Amino acid sequence: MGDPNVERTFIMIKPDGVHRGLVGKIIKRFESKGFKLVAMKFMWPSEQLLRQHYSDLSNNQFFPGFIKYMLSGPVVPMVWEGLDAVKTARFLLCAANRKDANPGTIRGDLCTQTEHSGPNVIHGADAVEAAEREIGLWFTEKELVTWTRTVDTWVYE
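A short tour of the structure in this document, coming up. (Residues numbered from 1 in each chain as written. Predicted model: local features only at pLDDT ≥ 70, side-chain atom pairs only at ≥ 80, totals over all residues. Heavy atoms only, no water.)

**A short note on the overall build of the protein**
- The number of helices and strands found in the protein is 8 helices and 4 strands.
- Ordering the α and β elements of the protein from the N terminus gives β-α-α-β-α-α-β-α-α-β-α-α.
- Within the protein, buried positions represent 48% of all 157 residues.
- Intrachain contacts of the protein at a sequence separation of at least 6 include 79% that bridge at least 24 residues.
- As displayed, the protein offers around 8600 Å² of accessible surface, 53% of which is attributable to carbon and sulfur atoms. (Helix = DSSP H or I, 4+ residues; strand = E, 2+ residues; numbered from the N terminus. Buried < 20%, exposed > 50% of the residue type's maximum accessible area, 1.4 Å probe, protein only. Contact = heavy atoms within 4.5 Å. Areas by Shrake-Rupley, 256 points an atom, 1.4 Å probe, with all protein chains shown as cover.)

Pasting the structure below:
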């Protein structure tokens, strides 16, 4: 990551996205945008990990139901690398509330729920610092693969 604008972001396909068979479609969106996958797992998260990850939401009334939803199936946590990855990924995801999600975005095209605390297919870090924290929660340093794609010379100047 020699370019200062190249950064890593944390993305997680939530249980509804996994149950609905959207994993491949979502991965394709990030690859098509030019991001490089550096880590991915398919797992059933523990309640402790979810409570730690979403600790900023713990005072919200919807939190217990949200945790129950997040425990309803496996998730696919990933780390993607690219130019302004956090900001660009958030743009690809769009608003957490489906009613505000634009067509052409992941949530705008793939979500079926309309509430912020309901199933909304995907999570994405909202800041570089959050991405770093979330990556550290879900992945060890050994699980992050540093590699160079031959296509990068075509994608980045």
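Okay, back to it.
**What to know about unusual backbone geometry**
- Residues other than glycine seldom take positive phi values, yet D84 does so here, at roughly 45°.
- Structurally, D84 can be placed in the loop between strand 3 (76-83) and helix 5 (85-93).
- Residue D84 is classed as partly exposed on the basis of its relative accessible area, which comes to 35%.
- The backbone of V121 shows a phi angle near 70°, a positive value even though the residue is not glycine.
- Turning to its location among the elements, V121 is positioned in the loop between helix 6 (106-110) and strand 4 (122-124).

**Comments concerning the pattern of salt bridges**
- Under the defined criterion, the tally for this structure stands at 5 salt bridges.
- One salt bridge connects K36 with E81, and the closest N-O pair in it is separated by 3.3 Å. Highlighted residues: K36 in strand 2 (residues 36-40) and E81 in strand 3, separated in sequence by 45 residues.
- Through salt bridges with shared partners, a single network forms among R8, K36 and E81. (Salt bridge = Lys/Arg side-chain N within 4 Å of Asp/Glu carboxyl O.)

**Side note on the packing of aromatic side chains**
- Overall, the coordinates contain 6 aromatic pairs when judged by the stated rule.
- Each ring, one from F30 and one from F35, has its centre 5.9 Å from the other, and the planes form 25°; the classification is stacked.
- F30 gets classed as buried once you look at its relative accessible area, which sits at 0%.
- A centroid spacing of 4.7 Å and a plane angle of 85° characterise the contact between Y54 and F66, whose relative ring orientation is edge-to-face. Separated by 12 residues along the polypeptide, Y54 in the loop between helix 3 (47-53) and helix 4 (63-70) and F66 in helix 4 bring together distant segments of the chain. Across the pair, F66 and Y54 agree in class, each one buried.
- Clustering of aromatic rings is evident, with ring pairs tying together Y54, F62, F66 and Y69.
- Across from the ring centre of W147, 5.6 Å away, lies the NZ or CZ of K36, which sits over that ring.
- Positioned above the aromatic ring of F139, the side-chain terminus of K41 is 4.9 Å from the ring centre. (Phe/Tyr/Trp six-rings, centres within 6.5 Å; stacked < 30°, edge-to-face > 60°. Lys NZ or Arg CZ within 6 Å of the ring centre and 35° of its normal.)

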